[in-house]
Amino acid sequence: MRLNWPAINRKAVVGWLLVGFALAGFFDGIVLHQILQWHHLLSGLREPAGSDLRFQILADGLFHLLMYLLCILGTVLLVAARASGARPGTTSEILRLALAGFGIWHIVDAVIIHWLLGLHRIRMASEVPLAWDIGWLVIFGILPLVLVLLMPNRGGPARGAAAALMSVALLAGLTAGAGQRFEGATHTIVVFREGLSPAQMMRAVLEARTNLKSTDKGGTIWVVDEVSWAGLITLHAEGAVLVSTTPVAAGCLAWSAVKV
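Numbering of residues starts from 1 in each chain and follows the order in which that chain's sequence is written. For a predicted model such as this one, the threshold for reporting local features is a pLDDT of at least 70, and the threshold for listing and counting side-chain atom pairs is 80 or more; totals across whole chains, interfaces and linings nevertheless cover every residue. Computation of side-chain values covers all heavy atoms of the structure but excludes hydrogens and water.

**Points about helix α1 (residues 10-35)**
Under the 1.5 Å per step criterion, the end-to-end length of α1 is 36 Å for 26 residues, consistent within 8% with the ideal 38 Å. The N-cap of α1, judged by a side-chain oxygen 2.8 Å from the amide nitrogen of K11 a few residues on, is N9. Following α1 by one or two positions, Q37 has its phi on the positive side, about 55°. By the criteria applied, helices consist of DSSP H or I runs no shorter than four residues and strands consist of E runs no shorter than two, each listed in order from the N terminus. The length a helix should cover is 1.5 Å for every residue beyond the first. The definition of a polar contact used here is a pair of N or O atoms within 3.5 Å, where within protein one atom must be able to donate a hydrogen and the other to accept one, and adjacent residues in sequence count solely through side-chain atom pairs.

**Focus: unusual backbone geometry**
Of note, the bond from E47 into P48 is cis; its omega dihedral lies within 30 degrees of zero at 5°. Among the secondary structure elements, P48 is positioned in the loop between α1 and α2 (53-83). A positive phi angle, close to 55°, is found at Q37, a residue other than glycine. Here Q37 shows up in the loop between α1 and α2. Whether a residue is buried, partly exposed or exposed follows from its accessible area with a 1.4 Å probe, protein chains only, as a fraction of its type maximum: under 20%, in between, or over 50%, in that order. The exposure class assigned to Q37 is buried, which follows from its relative accessible area of 5%. A positive phi angle, close to 60°, is found at R209, a residue other than glycine. Locating R209 in the fold gives a position in the loop between α6 (198-207) and β2 (212-215).

**Observations concerning the nonpolar core**
The criterion is simple. A nonpolar core is a set of buried Ala, Val, Leu, Ile, Met, Phe, Trp, Tyr and Cys residues joined through side-chain atoms within 4.5 Å. Counting 23 residues, the largest nonpolar core has F27, L32, W38, L70, W105 and W136 as its most contacted members. Breaking this core down by element, the ones donating at least two residues are α1, α2, α3 (91-116) and α4 (129-150). In terms of residue count, the dominant contributor to this core is α1 (seven residues). Counting residues in each nonpolar core, the second largest holds 14 residues, with A204, A208, V227 and V243 among its members.

What follows is the structure, given as structure tokens:
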């Protein structure tokens, strides 16, 4: 099927590709780093960086900043294309470009970041990380590109394209919501901000109605029992910068054992 992208302004083509690429980066960061907590951007680094939780969180933040800048760049190109009076593209063309960018990100992520550089794997704690890498690549990298080829090339609204995009979004949501239900987690990792006294951190744990299991040598990373929604809010209000679990995504930072 002929994609007919050359008929669209080149700035618009690159702009929508960048938007899709950046959204895929945000998707991976939010779902894999924060919700499922299967890895951080630099989880594959050797010690001590590999288990330094504050360093890993900083790296994740810089990664999200890069995706944010790419999304801004894509938006600037789209505005420039619009200002030049160029044809903006049909709904189908826009969705296909965004999906193409989404799929390209996951191919780049798998080939370069996972396999060539070894910065992380999809499931760091898995005994078969390659299987998780390939499965994630097929669902969120190859499938979107296949949908790009199968979508109808229409001049007006494309219900089929919208339905396909919604299907990908729904599958992503189900993955995020159900992933850690299979973990059988028994503890939660809480990272407190620097400057809090041990008494303040213990008070936060007690007010969250959970039990302390252990702490790291630095005294700011605590391992506690499962935390409720109310406890999650309490911990953040009392100075926690990261709580590794919620009642929806029950689990822990399984790839990173806290050393005591």
